[in-house]
Amino acid sequence: MPTAAAYDEFALFHENAQEFGIPWNGPPEVRRVAVETGNGAVSALVWGHEPPELVLVHGGAQNAHTWDTVALALDVPLVAVDLPGHGHSAHREDHAYWPAENAVALEAAVRALAPGARAVVGMSLGGLSSVALTDRAPDLVRRLVLVDVTPGVNREKASAIAQFIDGPEYFESFDQILERTIAFNPTRSESSLRRGVLHNAVEDADGRWRWRYDLPRRGSGEGAGGNLVPGLDDLWDAIERVRVPLLLVRGSTSPVVDDDDVAELRRRNPVAEVVVVEGAGHSVQGDKPLELAAVLRPLL
């Protein structure tokens, strides 16, 4: 049974490569860095030593390691950010992890780590936060890629995600937390989910396990206005103001983005492109990482 003491976040990359048939020439050059913001430090994984070409932003209740297989497949310098309250980033005292607040932290991180990146790629909450970043700091975003999300997301579309996040606060063992994760991710291999839990959970002193992300955000998703995420109408307006190439990547089996969302995206931003990844659910980077890397590679 895994223990917190045995966990090394940089020791699992070979498993990602082996599972997805990526050539393995030894451990990649990856380091963890932190950028101070007005609401605590934002942590990130920096891949390679050259100026980063991509910024990758994960979804709610995830962390930067969700992009590991995509990063290995692309094999280019990039930065994968831990959103505030997630991964190794600091928790906010107000527990406000919404797109507008996240955009402030992302601006600080991108300016410090990847000011010349060719694209910002955001999945789910990270995608909405990247829209807010583009609106807030357009000089930092030369191309915007949204992975299976639009401002049309609501509680019904994201019900399975909300049910998973709203689960128990503590688990008696690693096997218990892994079992719940497997139950909510039937399209993923057990080995990939095991890695995901190791990256996204911690063992307490009493031997119980809990998620690494800020627990007070669980169950608070109605927001001040009754929406799944506050400020969604503002984000639709922000989509209209995007002046850089915009690409939406949909998972073919995901309920989070529907045809009406795509129609509204194109109405708001007529030059936006849409790509569907067959066989992928909401977590395209987890279900079909090689296919997502193939979509992203031409952008570089």
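Residues numbered from 1 in each chain as written. Predicted model: local features only at pLDDT ≥ 70, side-chain atom pairs only at ≥ 80, totals over all residues. Heavy atoms only, no water.

1. Things to note about the pattern of salt bridges
Step number 1: Evaluated as defined, the whole model comprises 19 salt bridges.
Step number 2: Among the ionic pairs, R92 bridges to D94, the shortest N-O distance being 2.8 Å.
Step number 3: Residue D94 is classed as partly exposed on the basis of its relative accessible area, which comes to 46%.
Step number 4: For R208, the salt bridge identified is with D206, shortest N-O distance 2.9 Å.
Step number 5: Judged by its relative accessible area of 25%, R208 falls in the partly exposed class.
Step number 6: It is possible to trace a salt-bridge network through shared partners that takes in D237, E240, E264, R267 and R268. (Salt bridge = Lys/Arg side-chain N within 4 Å of Asp/Glu carboxyl O. Buried < 20%, exposed > 50% of the residue type's maximum accessible area, 1.4 Å probe, protein only.)

2. Some remarks on the packing of helix α1 (residues 13–20) against helix α7 (residues 190–200)
Step number 1: Contact geometry for α1 and α7: axes closest at 11 Å, N-to-C directions at 160 degrees. The orientation of α1 with respect to α7, classified from their angle, is roughly antiparallel. Seen from above, α1 lies across α7 with left-handed handedness. Two secondary-structure elements touch here, α1 through E15, N16, E19 and F20 and α7 through S191, S192, R194 and R195.
Step number 2: Of the residues that constitute the contact of α1 with α7, the class distribution is one nonpolar, three polar and four charged. (Axes fitted to C-alpha atoms, helices over the stretch in contact; angles between N-to-C directions. Helix = DSSP H or I, 4+ residues; strand = E, 2+ residues; numbered from the N terminus. Parallel < 35°, antiparallel > 145°, perpendicular 65-115°, else oblique. Left-handed = near helix turned anticlockwise from the far one by under 90°. Contact = heavy atoms within 4.5 Å. Nonpolar A, V, L, I, M, F, W, Y, C, P; charged D, E, K, R; others polar.)

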